[in-house]
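Overview (structure and organization)
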Amino acid sequence: MPDTIDAGFVDHMAANVALQFLDRVDLSPRSEAFRYPRGEAWESVTWAETGAQVSRVAAGLLALGIEPEQRVGIAAGTRYEWIVADLGVMCAGGATTTVYPSTNAEDTAYIVGDSECRVVFAEDDEQVAKLRAHRSELPHLAKVVTFDAATSSDDDWVISLADLGTLGDTFLADHGGVIRATAEQIRPDQLATLIYTSGTTGRPKGVRLRHSSWVYEGSAIQAQGILSEEDLEFRWLPMAHSFGKVLLSTQLACGYPAAIDGRVDRIVDNLGVVRPTFMGAAPRIFEKAHARILTTQAAKGGFEESVFTWAMRVGLARAALKAQGRQPGPLLQIKHFVADAMVFGKIRQRFGGRVRFFISGAAALNQDIAEWFNATGILILEGYGLTESSAGSFVNHPDDYKMGTVGPVFPGSEVRLGDNDEIQIRGPGVMEGYHNLPEETAKTLTDDGWLRTGDKGELDADGFLRITGRIKELFKTSGGKYIAPPAIESKFKAICPYASQFVVFGSERNFCVALLTLDPDPLGDWAKENGVDGDYAAIVASDACRAMVEGYVTELNSHLNRWETIKKWTLLDHDLSVESGELTPSMKVKRNVVEDNYADTIDAFYA
């Protein structure tokens, strides 16, 4: 990567997302744009075919009376239709409001109502039912457009995506050139997206993101030369999350095709079929893959496990030398050649065999896990940003990266460290503010446009940012020592291949404690190998399971400062989940909710 990247691209970006998309269609009409599953097979569409479908949806929305910046909701999982709907909203001049399909009916109604959505795309009968249950509270909602749901009803409040396309055809026949003309009227500072952040307490806040922010995000990646039209992305991340949205912006800028399937349980199978060159993911995906590989090898035992352990030592040694800028000697190179043939190549094949790199975001990635994957020849580039900064503000480069950092700030943006080393960002990606919440906006944005992230960090001499903690998550023990729970939690997940969640507490107490949950899949395999019967609750209650976890906690404590060590812990009889309200849809722990739910258990540790 060059020492400096010319940020002049900011002055030459498309004016809005609609024009960015239409320009991509004109530039690459016959190139593949998307592929998506249809039954067991995958279908592919070109940019021109996608453009025609998006134009029908946009025209349909114009026929329904959508005006500039009026909100259109999408309550659906990640799928091709989500993207067509979103781009249709962009080309109609509206503003997309994203809703996770896992959001309960009450919160769905709150988001749709607070944003004053005129139209909502609802994936299926379940999503339609949430809206029907609160219809009287949603006076602005004139129409619901479904992807899969039944549409027969006593009124025409619910129509199908095909019905909307038919409306669009009629509108286009009477208004030739309307899509391009509408796109050219959209201002760069016009509202493009409302994304409601799932806070740990209170109602979610709607983050207002402009057209210029999304165009900038994609253009900034393109300017760094990280991706090109030759790449192929596999996208499973929730499109309702800013990470999913920024990948779409990057795709429009760079022109590569993307395979779309949001089914999390199909990720590994899909990677083998799609064989992408890159994928974005949250750290939990890499934690689970790392754990699965380790437990599989341990179960094999004997010679195979010994070879695997030897190969990892070789890979880590070679990677450590290269990180120091040194070349491995001939003997180590020979050993690595054997290790790659016997172990690493097989691991890479699990991910399709063509991955140039993964991009990790949405939460902190444990450095040990990143280095472990790097030793196998799989590079994970960590990035950083917030919904409030349109997802991407920092990213490592495949030719210039530092493990344990999130890379340098995007070209065209600035970073500084404020009070308590708080990371602050200024640039085109920063939000306009929170919807209908001027006081919250004033707390988060400075008068001169800096975004207060709430995260602590440090910058090295090369401008690479290291995240050192979440200011609100730091706590002080009664002995006066500061604790950063996420750092301890990620270390445990790197050590214990059976871990799902590890949540540390101890604010104003005299020692740290933890609540643990285990991943049901590898735990089930462990139970069979160790003769433990029963369901999840019975397994974690067994003496054998507690002894196994005790060993990993002891190992964790050996890597911590005395005041950080976990003195007491317990295994919960169920995993945390989005449905229980203890995890956000992007798999972050709602620490306050967990602490409230298990207050008696935590208090008992100190009794």
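Being a predicted model, the structure only gives us computed values, none of them experimental.

Parameters and conventions
- Residues numbered from 1 in each chain as written.
- Predicted model: local features only at pLDDT ≥ 70, side-chain atom pairs only at ≥ 80, totals over all residues.
- Heavy atoms only, no water.
- Helix = DSSP H or I, 4+ residues; strand = E, 2+ residues; numbered from the N terminus.
- Expected span 1.5 Å × (residues − 1).
- Buried < 20%, exposed > 50% of the residue type's maximum accessible area, 1.4 Å probe, protein only.
- Arc of directions from axis to C-beta.
- Contact = heavy atoms within 4.5 Å.
- Pairing = 2+ DSSP bridges.
- Axes fitted to C-alpha atoms, helices over the stretch in contact; angles between N-to-C directions.
- Left-handed = near helix turned anticlockwise from the far one by under 90°.
- Nonpolar A, V, L, I, M, F, W, Y, C, P; charged D, E, K, R; others polar.
- Salt bridge = Lys/Arg side-chain N within 4 Å of Asp/Glu carboxyl O.
- Phe/Tyr/Trp six-rings, centres within 6.5 Å; stacked < 30°, edge-to-face > 60°.
- Lys NZ or Arg CZ within 6 Å of the ring centre and 35° of its normal.

Counted at 1.5 Å a residue, the expected span for helix α6 (residues 161–174) with its 14 residues is 20 Å, and the 20 Å between its end C-alpha atoms agrees. Within the span of α6, buried status applies to Leu164, Gly165, Gly168 and Phe171. The buried residues of α6 occupy an angular sector of 120° when the element is viewed end-on, so they sit on one face. Exposed and facing more than 90 degrees away from the buried side of α6 are Ala162, Ala173 and Asp174. In the core, the buried residues of α6 are packed alongside α2 (47–63), β5 (119–122), β6 (143–146), β7 (158–160) and α7 (178–184).

Through backbone hydrogen bonds, the strands of a sheet pair up, either in parallel or in antiparallel fashion. Within the open sheet, the 4 strands sit side by side as β16-β17-β19-β20. Their pairing is antiparallel. Because the sheet does not close on itself, it has two edges, and the strands there are β16 (414–417) and β20 (465–470). Neighbour to neighbour, the strand axes of the sheet diverge by 50° on average, direction disregarded. In the sheet, strand β19 (residues 451–459) pairs with β20 via 5 bridges, with the strands oriented antiparallel. Bridging across to β20, Asp455 finds its partner in Arg470.

Turning our attention to the packing of helix α8 (residues 211–224) against helix α9 (residues 242–254). Interaxial distance between α8 and α9 falls to 8 Å at its minimum, and their mutual angle equals 60°. Crossing of α8 over α9 shows right-handed handedness. For the pair α8 and α9, the contacting residues are Trp214, Glu217, Gly218, Ser219, Ile221 and Gln222 in the first and Ser242, Lys245, Val246, Ser249, Thr250, Ala253 and Cys254 in the second. Taken together, the residues of the contact of α8 with α9 sort by class into 5 nonpolar, 6 polar and 2 charged.

Time to look at the pattern of salt bridges. Per the stated rule, a full pass over the model turns up 33 salt bridges. In this structure, Arg56 and Asp169 form a salt bridge, with 2.9 Å as the shortest nitrogen-oxygen distance. A residue pair is termed long-range when its members are at least 10 positions apart, and Arg56 in helix α2 and Asp169 in helix α6 qualify at 113 residues. Arg56 sits in the partly exposed class, given a relative accessible area of 30%. A salt bridge links Arg208 to Glu432, with the nearest nitrogen and oxygen atoms 3.4 Å apart. With Arg208 in strand β9 (residues 205–210) and Glu432 in the loop between β17 (422–426) and β18 (433–434), the pair connects residues that are 224 residues apart, well separated along the chain. When its relative accessible area of 15% is taken as the criterion, Arg208 is described as buried.

A separate point is the sheet that holds β18. The 8 strands lie next to each other as β7-β6-β5-β3-β4-β8-β9-β18, forming an open sheet whose pairing is mixed. The open sheet has two edge strands, β7 and β18, and neither has a second partner. In terms of strand pairing, strand β8 (residues 191–197) meets β9 through 6 bridges, oriented antiparallel. Paired with Thr193 across the strands is Leu209, a residue of β9. Strands β4 (95–99), β5 and β8 of the sheet are contacted by helix α4 (residues 105–114), whose axis makes an angle of about 170° with β4.

This next bit is on the packing of aromatic side chains. Counted by the stated rule, this structure contains 18 aromatic pairs. The interplanar angle of 45° and the centroid separation of 6.4 Å between the aromatic rings of Phe308 and Trp372 together place this pair among those described as tilted. Here Phe308, found in helix α12 (residues 302–323), pairs with Trp372, found in helix α14 (residues 367–375); they are 64 residues apart in sequence, far enough to count as distant. As far as burial versus exposure is concerned, Phe308 and Trp372 are alike and both buried. Through pairs of rings, three or more aromatic residues link up here, namely Phe286, Phe308, Phe351, Phe358, Trp372 and Phe373. The ring of Trp563 carries the charged tip of Lys481 above its face, separated from the ring centre by 4.3 Å. The residue whose ring lies beneath Arg546 is Trp569, and the NZ or CZ to ring-centre distance is 4.6 Å.

Our next topic: unusual backbone geometry. Although it is not a glycine, Ser390 adopts a positive phi angle of roughly 60°. Relative to the elements of secondary structure, Ser390 occurs in the loop between β14 (380–384) and β15 (394–395). The buried category is assigned to Ser390, whose relative accessible area is 0%. Positive phi values are uncommon outside glycine, yet Ala391 reaches one of about 85°. Note that Ala391 resides in the loop between β14 and β15.

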